[in-house]
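# Reading the structure
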Amino acid sequence: MIRPDLSLPIPETITSAHFIGVGGSGMSGLARMFLDRGIRVSGSDRADSAALRDLAARGATVHVGHDAAHLGDADTVVHTGAIWPENPEFVTAKQRGLHVIHRSQALHWLIGGRRLVSVAGAHGKTTSTGMIVTALRALELDPTFVNGGVIADLGASSGTGSDDLVVIEADESDGTFELYDTSVALITNVDPDHLDHYGSRDAFDAAFARFADAASEAVVISADDPGARAVRERITHANVVTFGEDESADVRLSGIRTEGPVAFTLTAGEESVEVRLRVPGAHNAVNAAGAVAVLRVLGHALADAARAVEGFGGTVRRFELHGVEHGVSVYDDYAHHPTEVAAALSAARTVVGEGRLIAIQQPHTYSRTQEMFREFAEVLESHADHTVMLDVYGAREDPVPGVTGELVSGAFADPSHVHYVPDWQAAADYTAEIARPGDYVITLGCGNVYQIIPQVLQALSRAEAPAV
């Protein structure tokens, strides 16, 4: 992993930019925005993808694999923290004395002093950002946006708007959310994660407090989440707006109904409005309350903001349906933290009816799995009817002896509720064997677990007589 060095200068002018790891949703979104600015763009990634093909169609020069020759005549190189320090493009760029900047610095350069809404938090960032962007467009505004996932209705994770307003998902994992000149800060929650970067919970909370206090206009923060409440006590900002179910919340959520798309009541002062979303899950009601609170800070009435948020149709890799075979529905979700897994499965439970939930879990990173394997096991066992456990997706980390999917499956209280299958085809076949009409199969993780879905659908299609 390469830790971002935010002290490095950001060039005033960029004419040709090369992106290392350009296939990711965030990096490809940045690359598209550079193209929108008329900047020459090249990039590389370790595998081909739809994102690379889309960039090529837009005029970028893209490469599969990493090689120093791919740098071409770039004057600036943009990278993520997920690449290895030995990456040949990264090493050569440093040797040539090119401007080498982290993706957050590239985004900072793109924002360029405009009015900025930054969405941060351990969970719900991508959905909340998508809700705000979708709502602003419904309110006939045209914001620039950069999200961590594709907004389903827009088919994009980023877009260059004409208004002086920018909405971004601000990443707290490496501290870069403190780089931006934020006008309105939204903190969805503060669940301890990324302690490999911060070192302690106190340092993690302190970073959120600094992020909040640096906002020039307002801070919007959860009134319910224990971590957010702890951070709220550290915040000295003069304009703090809270949201949630707590009686003290400035935008209060009540009467949540989770049968099908979630419905609820929002109250601000003496005004109340009924809301019905297009997406399921109580957690999305909370996300919507935060988004509405931000819209009110931006000057929109409660009723107008609520109506606009209702139009949000979800983001890719958030409870996304991929297919149905023999009455078994196969979904994918990005959830990779115990809290997110619980939220995703709880949302699925509200719409699965009499069917069962079969989770296909891919633990993400060795450090998180080693730290939280008991929590993952507890959440999966209590929220899913059965779990198919894959091996760990290491991402940027080297393997840790003994830290595998079996570490999680071994922590289940009832071993009959889980099956550890490191081989993907065997996992797909086993899933098809146990699934029956009406069940939901849900892949969970932010690695490449979604790539098993075609194998699962094919295995289901081959099953002539699913169990009943």
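Residues numbered from 1 in each chain as written. Predicted model: local features only at pLDDT ≥ 70, side-chain atom pairs only at ≥ 80, totals over all residues. Heavy atoms only, no water.

## Things to note about the overall build of the protein chain
What counts, and what does not: Every helix listed is a DSSP run of H or I at least four residues long, and every strand listed is a run of E at least two residues long, numbered separately from the N terminus. Within these notes, the globule rule equals 2.2 Å times the number of residues to the 0.38 power, and the radius of gyration is based on C-alpha atoms. Throughout, exposure labels follow a simple rule: accessible area from a 1.4 Å probe, protein chains only, divided by the maximum for the residue type, with under 20% read as buried, over 50% as exposed, and the rest as partly exposed. Method for areas: the Shrake-Rupley scheme with a 1.4 Å probe, in which residue coverage is limited to the protein chains shown. Two residue types count as positive, namely Lys and Arg, and two as negative, namely Asp and Glu; His and chain ends fall outside the count. In plain terms, the charge of a residue is placed at NZ if it is Lys, CZ if Arg, CG if Asp and CD if Glu.
Along its length, the protein chain carries 15 helices and 21 strands. The C-alpha atoms of the protein chain give a radius of gyration of 22 Å, which matches the 23 Å a tight globule of 468 residues would have. Per-residue burial for the protein chain yields a buried fraction of 57% across its 468 residues. About 18200 Å² of surface is accessible on the protein chain, with carbon and sulfur atoms providing 48% of the total. Each charge class in the protein chain was averaged separately, 34 positive and 63 negative side chains, and the resulting centres sit 3 Å apart.

## Things to note about the packing of aromatic side chains
Short version of the rule: Any two rings among Phe, Tyr and Trp, with Trp reduced to its six-membered ring, count as a pair given centres within 6.5 Å; such a pair is stacked if its planes are under 30 degrees apart, edge-to-face if over 60, and tilted if neither.
Overall, the coordinates contain 7 aromatic pairs when judged by the stated rule. Between F319 and Y331 the ring centres are 4.3 Å apart and the planes differ by 5°, which places this aromatic pair in the stacked class. Of this pair, F319 sits in the loop between α10 (302–309) and β16 (320–325) while Y331 sits in strand β17 (residues 328–333); the two residues are 12 residues apart in sequence, bridging distant segments of the chain. Y331 carries the same exposure label as F319, and that label is buried. With 4.9 Å between their ring centres and 35° between their planes, Y331 and Y440 make a pair best called tilted. Here Y331 is found in strand β17, whereas its partner Y440 is found in strand β21 (residues 440–444), with 109 residues between them in sequence.

## Here's the deal with the sheet that holds strand β9 (residues 165–169)
Rules: The rule for pairing is simple: two strands pair if DSSP sees at least two bridges between them. Here an angle of 0 to 180 degrees is reported between the N-to-C directions of two axes, which are lines fitted to C-alpha atoms, with helices fitted over the stretch in contact.
Taken in spatial order, the 10 strands make up an open sheet running β8-β7-β9-β6-β10-β11-β12-β13-β14-β15, and their pairing is mixed. Strands with a single pairing partner mark the edges of an open sheet, and in this sheet they are β8 (156–159) and β15 (271–280). Across this sheet, the average inter-strand angle for adjacent strands is 20°, counted without regard to direction. As judged from the 2 bridges shared by strand β12 (residues 240–244) and strand β13 (residues 251–257), these two strands associate in the parallel manner. Its bridge partner lying in β13, F243 is registered against V251.

## With respect to the side chain of Q105
So the rule is basically this: Contacts are residue-level and defined by heavy atoms, with any inter-residue pair within 4.5 Å sufficient.
In this fold, Q105 is placed in helix α4 (residues 103–111). Ignoring sequence-local partners within four residues, the contact set of Q105 consists of D5, L6, L8, I10 and L179.

## Here's the deal with unusual backbone geometry
In this structure, H326 takes a positive phi of about 50° despite not being glycine. With respect to the helices, strands and loops of the structure, H326 is situated in the loop between β16 and β17. The backbone phi angle of T365 is positive, close to 70°, even though this residue is not glycine. Turning to its location among the elements, T365 is positioned in the loop between β18 (357–361) and α12 (366–383).

## Structural notes on the nonpolar core
Put simply, the test is: Residue types Ala, Val, Leu, Ile, Met, Phe, Trp, Tyr and Cys, when buried and joined through side-chain atoms within 4.5 Å, form a set referred to as a nonpolar core.
F19, F34, I168, F208 and I221 are the most contacted members of the largest nonpolar core, which totals 46 residues. Look past the residues within four positions of F19 in its chain and what remains in contact with it is M27, L30, A31, F34, V41, S42, G43, S44 and V78. Formed by 41 residues, the second largest nonpolar core is a distinct cluster that contains V184, A288, A293 and A308.

## Quick look at the packing of helix α11 (residues 338–351) against α12
To keep things clear, this is the line we draw: Any angle between 65 and 115 degrees counts as roughly perpendicular, while under 35 counts as roughly parallel, over 145 as roughly antiparallel, and the rest as oblique. Gly counts as polar in this scheme, as do all residues outside two lists: the nonpolar Ala, Val, Leu, Ile, Met, Phe, Trp, Tyr, Cys and Pro, and the charged Asp, Glu, Lys and Arg.
Two elements in contact, α11 and α12, have axes separated by 9 Å at closest approach and are oriented at 5°. Between α11 and α12, the crossing angle belongs to the class labelled roughly parallel. In this structure, α11 contributes P338, V341, A342, L345, S346 and R349 to the contact, and α12 contributes M372, E375, F376, V379, L380 and H383. Tallied by class, residues from the contact of α11 with α12 come to 8 nonpolar, 2 polar and 2 charged.

## Focus: helix α14 (residues 424–434)
Our working definition: Nitrogen and oxygen atoms within 3.5 Å of one another constitute a polar contact, given that in protein one can donate a hydrogen and the other can accept it, and given that sequence-neighbouring residues count only through two side-chain atoms.
Inspection of α14 places A427, A428, Y430, T431, A432 and I434 among the buried residues, and these make up the whole buried set. Put simply, D423 is the residue that caps the front of α14, since its side-chain oxygen is 3.2 Å from the backbone nitrogen of Q425.

## Observations regarding the sheet that holds β18
Spatially, β16-β17-β21-β18-β19-β20 is the arrangement adopted by the 6 strands of the open sheet, whose pairing is mixed. The sheet is open, and its two borders are formed by β16 and β20 (418–420), each paired with just one other strand. The mean angle between the axes of side-by-side strands here comes to 20°, regardless of whether they run parallel or antiparallel. Where β17 lies against β21, 5 bridges are found, and the strand directions are parallel. What sits directly across from D333, in β21, is L444.

## Considerations on the pattern of salt bridges
Cut-off, in case you're wondering: Basic side-chain nitrogens of Lys or Arg form a salt bridge, by our definition, when they fall within 4 Å of a carboxyl oxygen of Asp or Glu.
Evaluation of the coordinates by the stated rule reveals 17 salt bridges. In this structure, R252 engages E247 in a salt bridge whose closest nitrogen and oxygen atoms are separated by 4.0 Å. Looking at R252, the relative accessible area reads 22%, which means it is partly exposed. Note that E274 is salt-bridged to R257, the shortest N-O span being 3.4 Å.

## Remarks on the packing of α14 against helix α15 (residues 453–462)
Put simply, the test is: Helix crossings fall into two classes, left-handed where the near helix is turned counterclockwise from the far one by less than a right angle and right-handed where it is turned clockwise.
Where α14 meets α15, the closest approach of the two axes is 8 Å, and the angle between their N-to-C directions is 45°. Judged by the angle between their axes, α14 and α15 are oblique. Between α14 and α15 lies a crossing whose hand is right-handed. Every residue of α15 that contacts α14 at W424, Q425, A428, D429, T431 and A432 is listed here: Q455, V456, A459, L460 and R462. For the contact of α14 with α15, the per-class residue count stands at 6 nonpolar, 3 polar and 2 charged.

By themselves, these observations are geometric and do not establish any function.
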